[in-house]
Amino acid sequence: MKKTLNQALTKENENAELIFKSPQREDLKGMHFHMRIKTLLPVLVLLFSSFIALNAQNKTEVDSKAVSVLLQKDKMLKVIDVRTPEEFQNGHIKDAINLNIRDSIAFSKIDKLDRNQKYIVHCRTNHRSGKAVEYMIQHGFKNIYQMMDGFTGWESNNLPIQK
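### Observations regarding the sheet that holds strand β2 (residues 78-81)
Strand pairing within a sheet occurs via backbone hydrogen bonds; the two strands may be parallel or antiparallel.
Logical step 1: Judged by pairing direction, the sheet is parallel, and its 5 strands sit side by side in the order β1-β5-β4-β2-β3 without closing on themselves. Of all strands in the sheet, those bounded by a partner on one side alone are β1 (58-62) and β3 (97-98).
Logical step 2: Here β2 runs beside strand β4 (residues 118-122); their pairing, made up of 4 bridges, is parallel. Among the inter-strand pairings, lysine 78 is bridged to a residue of β4, identified as tyrosine 119.
Logical step 3: Across the sheet, helix α3 (residues 64-73) touches β1, β2, β4 and β5 (143-147), and the angle it forms with β1 is around 120 degrees.

### Some words on the nonpolar core
Logical step 1: Residues Ile80, Ile110, Val121 and Met136 are the most contacted members of the largest nonpolar core, which totals 17 residues.
Logical step 2: Sorting the residues of this core by element identifies α5 (106-111), β4 and α6 (127-138) as the ones contributing at least two each.
Logical step 3: A total of 5 residues in this core trace back to one element, the largest contributor, which is α6.
Logical step 4: Among all residues touching isoleucine 110, those that are not within four sequence positions of it are Leu99, Ile101, Ala132, Tyr135, Met136 and Phe141.

### Digging into the side chain of arginine 83
Logical step 1: Note that arginine 83 resides in the loop between β2 and α4 (85-89).
Logical step 2: Of the polar contacts made by the side chain of arginine 83, one reaches the side chain of aspartate 81; its length is 2.8 Å.
Logical step 3: A distance of 2.6 Å separates a polar side-chain atom of arginine 83 from the backbone oxygen of glycine 91.
Logical step 4: Apart from residues no more than four positions distant in its own chain, arginine 83 is found in contact with Phe88, Gly91, His92, Asn98, Leu99, Asn100, His122, Cys123, Arg124, Arg128 and Phe151.

Calculation notes
Residues numbered from 1 in each chain as written. Predicted model: local features only at pLDDT ≥ 70, side-chain atom pairs only at ≥ 80, totals over all residues. Heavy atoms only, no water. Pairing = 2+ DSSP bridges. Helix = DSSP H or I, 4+ residues; strand = E, 2+ residues; numbered from the N terminus. Contact = heavy atoms within 4.5 Å. Axes fitted to C-alpha atoms, helices over the stretch in contact; angles between N-to-C directions. Core = buried A, V, L, I, M, F, W, Y, C linked by side-chain atoms within 4.5 Å. Buried < 20%, exposed > 50% of the residue type's maximum accessible area, 1.4 Å probe, protein only. Polar contact = N/O pair within 3.5 Å; in protein donor to acceptor, adjacent residues only side chain to side chain.

Following this line, the structure appears as structure tokens:
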């Protein structure tokens, strides 16, 4: 009986090896691998996206009153006015840089700016400045303030205008 038990155990081990090495088992391994990839892929995409977002930029939405205070406190801030030259000539924030976002070379001009500089970006309302800020964020600018009430808000708050 002892011999038969050993023979039975040996036979079971051989069968286990056959199952473990069978093509069906290899297919199961492949399916398991693909299931792991499908499970991990969304997690990896989320982590990668978060990493890019953290390293890319810092955008802050502010109103014209806050911009006025910021400009008084931080003389290194640069104001980018993305309105047309005509709008700019009719009145603008002191020392603002006019960069007409509707100009065909506007984005190449933005590319020449220092990505580590702090910028306040505005237009008349906030539509055009939104496009400029979006572009700046995608191209690695670190510190951007978007004046959400635009030059219209600046004027309605009776803040100083240069012509």
